[in-house]
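Spelled out from the first residue to the last, the chains are:
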Amino acid sequence: MSGEQAAQDGPGLGNRHYLAGGATTAVAVDPPRDIDQVVAAAARRGVRIALVVETHVHNDYVSGGLELARVTGAEYLVPAAARVAFPRTPVHDGDSADVDQDLTLHAVATPGHTPHHTAYVLHEAGAPVAAFTGGSLLIGTVGRPDLVEPRLTEELARAQHASAHRLADTLPDTTAVLPTHGFGSFCSSAQADGETSTVGQERSANEALVKDADTFVAELLAALDDVPAYYAHMGPVNSAGPAPVDLTPPATADPAALADRLAAGEWVVDLRHRVAFAEGHVPGTYNFEADGQLATYLAWLIPWGKPVTLLAESPAQLAEAQRELVRVGIDRPAAAATGGPADWLPPGTAPASFRRATFAELAGGRPAAVLDVRRDSERAGRRIEGSVHIPLHTLAGRLDELPEGPVWVHCAGGMRAAVAASLLDAAGHEVVAVDDSLDHAEAAGLTVT
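For clarity, every value in this text was computed on a predicted model and none was experimentally measured.

Any chance you could explain the overall build of the protein chain here in plain terms?
Secondary structure assignment for the protein chain yields 16 helices and 20 strands. In summary, the protein chain has a C-alpha radius of gyration of 23 Å against a globular reference of 22 Å for 449 residues, a match within 12%. Each principal axis of the C-alpha atoms in the protein chain carries an extent, and together these give about 70 × 50 × 35 Å. Here the protein chain holds 449 residues, and 54% of them are scored as buried. If you take every contact in the protein chain between residues at least 6 apart in sequence, the share linking residues at least 24 apart comes to 68%. As displayed, the protein chain offers around 17,700 Å² of accessible surface, 51% of which is attributable to carbon and sulfur atoms. In the protein chain, 31 positive and 57 negative side-chain charges are present, and the distance between their average locations comes to 2 Å.

I'm lost on the packing of helix 10 (residues 294-301) against helix 11 (residues 315-326) in this one. Help?
Think of two packed helices as two axes; the pair is described by the angle between the axes and how far apart they sit. For the pair helix 10 and helix 11, the least separation of the axes is 9 Å and the interaxial angle reads 60 degrees. Considering the angle they form, helix 10 stands oblique to helix 11. Helix 10 and helix 11 meet at a crossing whose hand is right-handed. Here Leu294, Ala295 and Leu298 of helix 10 come into contact with helix 11, specifically with Ala321, Glu324 and Leu325. Of the residues belonging to the contact of helix 10 with helix 11, the class tally is five nonpolar, no polar and one charged.

Got a minute to help me understand unusual backbone geometry in this structure?
With the exception of glycine, the majority of residues adopt a negative phi angle, and the majority of peptide bonds are in the trans configuration. Its identity as a non-glycine residue notwithstanding, Asp30 has a phi of 50 degrees, on the positive side. Considering the arrangement of structural elements, one finds Asp30 in the loop between strand 3 (25-29) and helix 1 (36-45). The phi dihedral of Asp102 falls on the positive side, at around 65 degrees, and the residue is not glycine. Looking at where Asp102 falls in the secondary structure, it is placed in the loop between strand 7 (96-100) and strand 8 (103-109).

Got a minute to help me understand the packing of aromatic side chains in this structure?
The geometry of an aromatic ring pair is captured by the separation of the ring centres together with the interplanar angle, meaning the angle of the planes. As enumerated under the stated definition, the model contains seven aromatic pairs in all. Here the aromatic rings of Tyr297 and Trp300 are separated by 5.7 Å at their centres, their planes lie at 15 degrees, and the arrangement is stacked. Note that Tyr297 and Trp300 are positioned in helix 10 at a spacing of three residues, about one turn of the helix. A single burial state applies to Tyr297 and to Trp300, both of which are buried. An aromatic cluster is built from Trp267, Tyr286 and Phe288, whose rings are joined through pairwise contacts. Looking at Arg16, its charged tip hangs above the ring of Phe183, at a distance of 4.0 Å from the centre.

Looking at this structure, I do not really get the sheet that holds strand 8. What am I missing?
For sheets, the rule is that strands pair by backbone hydrogen bonds, running either parallel or antiparallel. Strands sit in the order 7-8-9-10-11 across an open sheet of five strands; the sheet is mixed. Two strands close off the open sheet at either side, each with one partner strand: strand 7 and strand 11 (176-179). Going across the sheet, the axis of each strand differs from the next one's by a mean of 25 degrees, ignoring polarity. Pairing between strand 10 (residues 127-134) and strand 11: four bridges, direction parallel. Residue Phe132 lies in a different strand from strand 11, and its bridge partner there is Leu178.

Would you explain the pairing of strand 7 in this entry?
Consecutive residues of a regular strand have side chains that alternate between opposite faces of the sheet. Sheet topology note: the strand 7/strand 8 ladder contains four bridges and is antiparallel. From the neighbouring strand, Asp98 faces strand 8, where its bridge partner is Thr104.

What is the right way to look at the environment of His117 in this model?
With respect to the helices and strands, the residue His117 is situated in the loop between strand 8 and strand 9 (118-124). When the C-alpha atoms of His117 and Ala264 are compared, they prove to be 43 Å apart, with 147 residues separating the residues in sequence. The residues contacting His117, other than those within four sequence positions of it, are Thr55, His56, Val108, Ala109, Thr110, Pro111, Thr133, Gly134, Gly135 and Ser136. In terms of polar contacts, His117 uses its side chain to reach the side chain of Thr110, at 2.9 Å.

Looking at this model, I keep getting lost on the sheet that holds strand 12 (residues 267-270). Mind explaining?
The sheet built from four strands is open, its strands ordered 13-12-14-15 with parallel pairing. Two strands in the sheet have a free side with no partner beyond their single neighbour: strand 13 (286-287) and strand 15 (335-338). The sheet contact formed by strand 12 and strand 13 spans two bridges and is parallel. Bridge assignment links Val269 to a residue of strand 13, and that residue is Tyr286.

What's the story with helix 11 in this structure? I'm lost.
Side chains three or four residues apart in an α-helix point the same way, a direct result of the helix having 3.6 residues per turn. In this model, helix 11 (12 residues) spans 17 Å end to end at C-alpha, consistent with the 16 Å of a helix rising 1.5 Å per residue. Check the buried side of helix 11 and you find it contacts helix 1, helix 10, strand 14 (308-312) and strand 15.

How should the side chain of His123 be read in this particular structure?
Here His123 is to be found in strand 9. On the basis of relative accessible area, His123 is assigned to the buried category, the value being 16%. There is a polar contact of 3.4 Å between the side chain of His123 and the backbone oxygen of Gly126. The residues touching His123, leaving out its near neighbours within four places in the chain, are Asp102, Leu103, Thr104, His106 and Pro128.

In this structure, what is going on with the nonpolar core? I would like to understand it.
Counting residues in each nonpolar core, the largest one holds 55 residues, and the members touching the most others are Trp267, Phe288, Leu298, Leu301, Leu371, Leu392 and Leu395. Setting aside anything within four residues of it in sequence, one finds Leu392 in contact with Tyr297, Leu301, Val373, Arg416, Val419, Ala420 and Leu423. Counting 20 residues, the second largest nonpolar core, distinct from the first, contains Ala20, Ala107, Tyr120 and Phe183.

Teacher, can you tell me more about the environment of Pro31 here?
In this fold, Pro31 is placed in the loop between strand 3 and helix 1. The class for Pro31 is buried, based on a relative accessible area of 1%. Taking the C-alpha atoms as reference, Pro31 lies 9.5 Å from Thr180; in sequence the two are 149 residues apart. Once you skip the residues sitting within four places of it in the chain, Pro31 turns out to touch His17, Val38, Val52, Val53, Glu54, Tyr61, Ser63, Gly64, Gly65 and Leu68.

Rules of the game
Residues numbered from 1 in each chain as written. Predicted model: local features only at pLDDT ≥ 70, side-chain atom pairs only at ≥ 80, totals over all residues. Heavy atoms only, no water. Helix = DSSP H or I, 4+ residues; strand = E, 2+ residues; numbered from the N terminus. Rg over C-alpha atoms; globule rule 2.2 N^0.38 Å. Buried < 20%, exposed > 50% of the residue type's maximum accessible area, 1.4 Å probe, protein only. Contact = heavy atoms within 4.5 Å. Areas by Shrake-Rupley, 256 points an atom, 1.4 Å probe, with all protein chains shown as cover. Lys, Arg positive; Asp, Glu negative; His and termini not counted. Charge placed at Lys NZ, Arg CZ, Asp CG, Glu CD. Axes fitted to C-alpha atoms, helices over the stretch in contact; angles between N-to-C directions. Parallel < 35°, antiparallel > 145°, perpendicular 65-115°, else oblique. Left-handed = near helix turned anticlockwise from the far one by under 90°. Nonpolar A, V, L, I, M, F, W, Y, C, P; charged D, E, K, R; others polar. Phe/Tyr/Trp six-rings, centres within 6.5 Å; stacked < 30°, edge-to-face > 60°. Lys NZ or Arg CZ within 6 Å of the ring centre and 35° of its normal. Pairing = 2+ DSSP bridges. Polar contact = N/O pair within 3.5 Å; in protein donor to acceptor, adjacent residues only side chain to side chain. Expected span 1.5 Å × (residues − 1). Core = buried A, V, L, I, M, F, W, Y, C linked by side-chain atoms within 4.5 Å.

Next comes the structure, spelled out in structure tokens:
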């Protein structure tokens, strides 16, 4: 058995997809929207993609499974209980499909992340060698059970516990555990360390396998974090059947066109690093770093369906951003421009800017407000005494809660603070972005509780 796996978007969505097969044919598991990379992986291996399988209807990204099956002529396997509006081969518990000589895929019903969730165990010469566990058994944890329907959450949490045990109780310790979620994904119920694992490792460490059902469910439900707003749109898109993507360069916007888009209330997003943005940017633009969690946070914050124009330092940065955004249903930028503020502003127009600072500088200053934009669960662990708390994903609608005067904004490490600072700056607030690790706050003299 040979295989290839890829992190779906590195530090972005935090998912993985897989290609596994033999000498001539392969199966693609939970492929991303931009299927060209999967096709390229198959070409590198010299194999034909004969099967495309989905573990579930995804709530955090747009699947490329339907299009990949169409392009390659592969059979498209989707859990039978998933409600979808396109032709597919329905998969039931216990079904099997041949991948290549001596390689067979076996379906295992593993409800919990969704009611219809299905894992796939790859057998080589009759022995299980790998389990594609999707959003069921993850590394150290399980997929969250609250993305389908609030009334089903506790029931699905109990199903997660049972599904994890079903896999662990029926597979050898050496079986590789290959989840789709859990590498920083908000589809994971908790964040766990590690990039690879086996059933044996999970049996001794996974919280679903070392705790009784009642304890596991109570702790899981208590720890569930905020759900990105765009998740509400992913399931319906995947159920309907996503359209093919267009990754060609968008229309170029000159300074006058950028000014018109800003005046119309559209979102113009600067993809450059936060240091460059703070030093100089087009007034009214927002900063979502291309190398940060661009897709997650832009899709979470932007009003769904609002046109977005991208500003990038290079065509390569723009192309990679487009690729990330199609994965969350932002299919085509309204326009784009590359270069820097000098290229994006009318001649003679000065760029806007704001200060960056450390926690030591914050301790020595007298800001009107210290704004913490982390999520509720993060703030529950520790916070700077006297700080105002408005989570980043709610900030755009709560700007009127901030006092007059300088606002020093922080998160855990600087990236989200930069996004928040750009929102505040665009709204006319005097802002200082704290670009520093929160671990330094107490040593800097701030009271952390």
